[in-house]
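Close look at the chain arrangement
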Amino acid sequence: MKRIRSGQPFLYRSAGYHSTVIEIRMKDKVTGSYLQVALTRTAKRFPYLTDKLVEKDGNYYLHRDDNSMVAVKTDKFRTLGSMATGYHLLDVTYIRNLIRVAFHHGLCDGRGIKFFVETLLYYYCCQKYHTSFSSEGIRLEGEPISEEETLDPFSIEYGYGEEPDIPPIERDGYALPESTSAPIGCYRTELLFDESVFVQSAKSIGASPAIFAAMLLSECVSDLSPNAEKPIICNMAMDLRPALGLEQTHRNCVGSAYLPFGPEERQLGRTDLAQKYRQLLALQRDPSVVRASTQRQAAMFNKLDETKSLEAKKQFLSIFDGMVNNTYVISYMGRFQFNDFADYVESAHFYSDTICGLTINMVSGGGVLSMQVLQGFPETRYAQKFEEVLSSYGLLSAGKTELVVTGQDKSYITASRQSERWFAKPE
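In this report, the structure presented in the accompanying data block is examined. (Residues numbered from 1 in each chain as written. Predicted model: local features only at pLDDT ≥ 70, side-chain atom pairs only at ≥ 80, totals over all residues. Heavy atoms only, no water.)

**Structural notes on the overall build of the protein chain**
- The helix and strand inventory of the protein chain stands at 11 helices and 16 strands.
- Expected size for 427 residues packed as a compact globule is a radius of gyration near 22 Å; at 21 Å, the protein chain falls within 12% of this value.
- Projecting the C-alpha coordinates of the protein chain onto the three principal axes gives extents of approximately 60 × 55 × 40 Å.
- Burial status across the protein chain gives 57% buried among its 427 residues.
- Here the analysis covers contacts within the protein chain between residues at least 6 apart in sequence; of these, 75% occur between residues at least 24 apart.
- For the protein chain, the computed accessible surface area is about 18,000 Å², with 49% contributed by carbon and sulfur atoms. (Helix = DSSP H or I, 4+ residues; strand = E, 2+ residues; numbered from the N terminus. Rg over C-alpha atoms; globule rule 2.2 N^0.38 Å. Buried < 20%, exposed > 50% of the residue type's maximum accessible area, 1.4 Å probe, protein only. Contact = heavy atoms within 4.5 Å. Areas by Shrake-Rupley, 256 points an atom, 1.4 Å probe, with all protein chains shown as cover.)

Below you can see the structure in the form of structure tokens.
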């Protein structure tokens, strides 16, 4: 059994953690039998994503789950870590033209599940359309699984030398008045774009898609918050893999970069602001900075190891319950590699219902860039303003603001009931 370290903040929750969902919308109706074949083959390629959770003495371990993974036709999200999913922390369902992959964030992050989804779609499309599509960049059944795929970023000692002395970066952001640590629910507004148009618009001012979205959203929030006494802060999800030399790991390997928008930034033209944000990101992505930060987080987990009970560990990590990142969060998973079978994909989507505050989840698939505006409050002014500003950048459609529920897991209960817990040994 392998002990979990990198995903611990998502595991020690008093009432479980809500599923994160990757939703692929196909142009044709989904055929369940073909999807099941694809899931079986994909599970063989990613055995470490088919594990179940085992808890002993307050520590969580991943253990082989001998229950088969089954693709079920349903419009509801099944409960991860329960008997319904065979205790798996990942579940594949389908309905109409939708394929949904729900996963527990304690198992992996978005980049970690991305490889799984690409393989699943590859095998499904090969079955469905009786065609040998390109497998370039796709992890296939029967290929060797490298040790790096399962390395835990927080179980490694990093030699990073002297941490560079970088200018202080503003992190204390304006708090949206609607954001609280006890969200009313998760409200989602879906914005879909022609990816090529949006990306070209970003490139025209020297910005990446994520930076471009951050610039525009910060402008929107600033316009709607004329009395803000602090800068608008974009907490941008930052993949730590390149800096840590762990490009292949599926484990949680994400940090935050901070992009402030205050009076100084408002005076800049968009090209100059994009350049400033690129420079700020480069400073925060410096390998020595990232490795030093990772070591500090590992030290926190080492401190957690000193607590000897499940309840004590939950109390130690209770700071993550209801945490609000001021002002908002942007998470860009990137583009799914669907190769020539992308012609059969309508769009891809990335969402959950664990939002405290305001979050924008972005992902590309089938030539469409999807933005999910997720918020823990029903107020729609930020989403509406964002939509208005984005309307000239390849906007294809905008959905209504609707409540979304992906469901909490049950592994926080079932993990302590697994027979394998008696064989769990401290590392």
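**Structural notes on the sheet that holds strand 1 (residues 2-3)**
- Taken in spatial order, the three strands of this open sheet run 1-4-3, and their pairing is antiparallel. Among the strands making up the open sheet, the edge pair consists of strand 1 and strand 3 (52-56).
- Relative to strand 4 (residues 59-63), strand 1 runs antiparallel, the two being bridged by two bridges. Along strand 4, the bridge assignment pairs Arg-3 with Tyr-61. (Pairing = 2+ DSSP bridges.)

**With respect to the environment of Tyr-94**
- As for its placement among the helices and strands, Tyr-94 is situated in strand 6 (residues 90-95).
- Of the residues examined, Tyr-94 reaches a relative accessible area of 13% and is grouped as buried.
- Placed 68 residues apart in sequence, Tyr-94 and Met-26 show a C-alpha to C-alpha distance of 11 Å.
- Contacts of Tyr-94, omitting those with residues within four sequence positions, involve Val-30, Gly-32, Leu-35, Ala-71, Val-72, Lys-73 and Thr-74.

**Structural notes on the nonpolar core**
- Core analysis: the largest hydrophobic core is formed by 56 residues, its most contacted members being Ile-22, Ile-24, Leu-90, Ile-113 and Phe-116.
- When residues of this core are traced back to their parent elements, those giving at least two are strand 2 (20-26), helix 1 (32-45), strand 4, strand 6, strand 7 (98-103), helix 2 (110-128) and strand 12 (345-352).
- Element by element, the count of residues in this core is highest for helix 2, at 11 residues.
- Setting aside residues up to four positions removed in sequence, Leu-90 forms contacts with Leu-49, Met-69, Leu-80, Val-101, Ala-102, Phe-103, Leu-107, Ile-113 and Phe-116.
- Judged by nonpolar contacts, the second largest core, of 54 residues, contains Phe-212, Leu-240, Val-373 and Ala-383. (Core = buried A, V, L, I, M, F, W, Y, C linked by side-chain atoms within 4.5 Å.)

**Some words on helix 10 (residues 381-390)**
- Buried within helix 10 are the following residues: Tyr-382, Ala-383, Phe-386 and Leu-390. What you see down the axis of helix 10 is that its buried residues fit within an arc of 95 degrees, all on one side.
- Among the structural elements, strand 8 (187-194), helix 3 (195-203), helix 4 (209-224), strand 13 (358-365), strand 14 (368-375) and strand 15 (395-398) are those in contact with the buried residues of helix 10. (Arc of directions from axis to C-beta.)

**Some remarks on the environment of Phe-423**
- Relative to the elements of secondary structure, Phe-423 occurs in the segment after helix 11 (411-414).
- Note on Phe-423: relative accessible area 65%, which makes it exposed.
- With 422 residues separating them along the chain, Phe-423 and Met-1 place their C-alpha atoms 8.6 Å apart.

Any link to function would need more than the numbers given here.
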